[in-house]
Amino acid sequence: MELLKRLRRMVKKEVNKRLFCLVIAIALVIPITFAQSIQVGLINQDPDPVNAGDVVEIKFKIENYWETTRDDVIIEIFPEFPFTIYSGSTKRNIGTLEGRQISTDSVIVDYLLRVDKNAVDGDHEINIAVNVGDTYWKYDDMFYVDVKKEKLNLKTYISSSDIIIAGSKGSVSLELA
């Protein structure tokens, strides 16, 4: 009888240990799964491309592929050279997202950024993060804004000219604008 009681206690302890490990594993996996269920996509930049020194509007689409969020969803952009925030804040609280809030039901978040006048031609990276409660997910190396360095466009106008015959000399005055 005593042996049977000991055996039951041992089995109970082992079951409790395994249950505890399972609960911990689930607690660690759910935030990761949850963070990956919020998808962010760059849907537009206006103008495209943007000239160095100008302001660009960029729009992100936020989709929720899982269940309704318990906490507010906060989107944060990290502008680095050649970008600075033009108006508003780098953080946007978009509230809770409904479960399966995707496609045409997704949330659009837009930012106005100033492009530095010394920016070079090419695609420049924009980083963004999603924060939901205690879960934080940063999207690095995923979004790019096309920047064009405006080149000097000179137009010539003839302001005065002598009538010049082939083989003779004359003068021509040009103005650059």
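This section reports on the structure supplied with the text. From a predicted model like this one, the values you see are computed outputs, not experimental measurements. (Residues numbered from 1 in each chain as written. Predicted model: local features only at pLDDT ≥ 70, side-chain atom pairs only at ≥ 80, totals over all residues. Heavy atoms only, no water.)

Some words on the pairing of strand β3 (residues 55-64)
- Bridge analysis of strand β1 (residues 38-46) against β3 gives eight bridges, and the strand direction is antiparallel. Within β3, the residue paired with glutamine 45 across the bridge is isoleucine 58.
- Here β3 runs beside strand β7 (residues 107-115); their pairing, made up of eight bridges, is antiparallel. Its bridge partner lying in β7, isoleucine 58 is registered against tyrosine 111. (Pairing = 2+ DSSP bridges. Helix = DSSP H or I, 4+ residues; strand = E, 2+ residues; numbered from the N terminus.)

Quick word on the nonpolar core
- Residues Val40, Ile58, Phe60, Ile62, Ile75, Ile126 and Val130 are the most contacted members of the largest nonpolar core, which totals 27 residues.
- Of all the elements in the fold, those that place two or more residues in this core are β1, β3, β4 (73-78), β7, β8 (122-132) and β9 (135-148).
- Sorting elements by how many residues they give to this core places β7 first, with five residues.
- With residues up to four places along the chain from it excluded, the contact list for valine 40 reads Phe60, Lys61, Ile62, Ile128, Val130, Tyr139 and Phe143. (Core = buried A, V, L, I, M, F, W, Y, C linked by side-chain atoms within 4.5 Å. Buried < 20%, exposed > 50% of the residue type's maximum accessible area, 1.4 Å probe, protein only. Contact = heavy atoms within 4.5 Å.)

A few points about the pattern of salt bridges
- Inspection of the entire model under this criterion finds three salt bridges.
- Here lysine 61 and glutamate 63 are joined by a salt bridge, their closest N and O atoms 3.8 Å apart.
- A residue is classified by how much of its surface remains accessible, and lysine 61, at 26% relative accessible area, is partly exposed.
- According to the relative accessible area criterion, glutamate 63 is buried, its value standing at 10%.
- In this structure, glutamate 67 engages arginine 70 in a salt bridge whose closest nitrogen and oxygen atoms are separated by 4.0 Å. (Salt bridge = Lys/Arg side-chain N within 4 Å of Asp/Glu carboxyl O.)

Here we look at the packing of aromatic side chains
- Per the counting criterion, the structure on display carries three aromatic pairs.
- Residues phenylalanine 60 and phenylalanine 143 carry aromatic rings whose centres are separated by 5.3 Å and whose planes lie at 80° to one another, so their mutual orientation is edge-to-face. On the criterion of sequence distance, the pair formed by phenylalanine 60 in strand β3 and phenylalanine 143 in strand β9 is long-range, its members being 83 residues apart.
- Exposure remark for phenylalanine 143: the relative accessible area of 4% places this residue in the buried category. (Phe/Tyr/Trp six-rings, centres within 6.5 Å; stacked < 30°, edge-to-face > 60°.)

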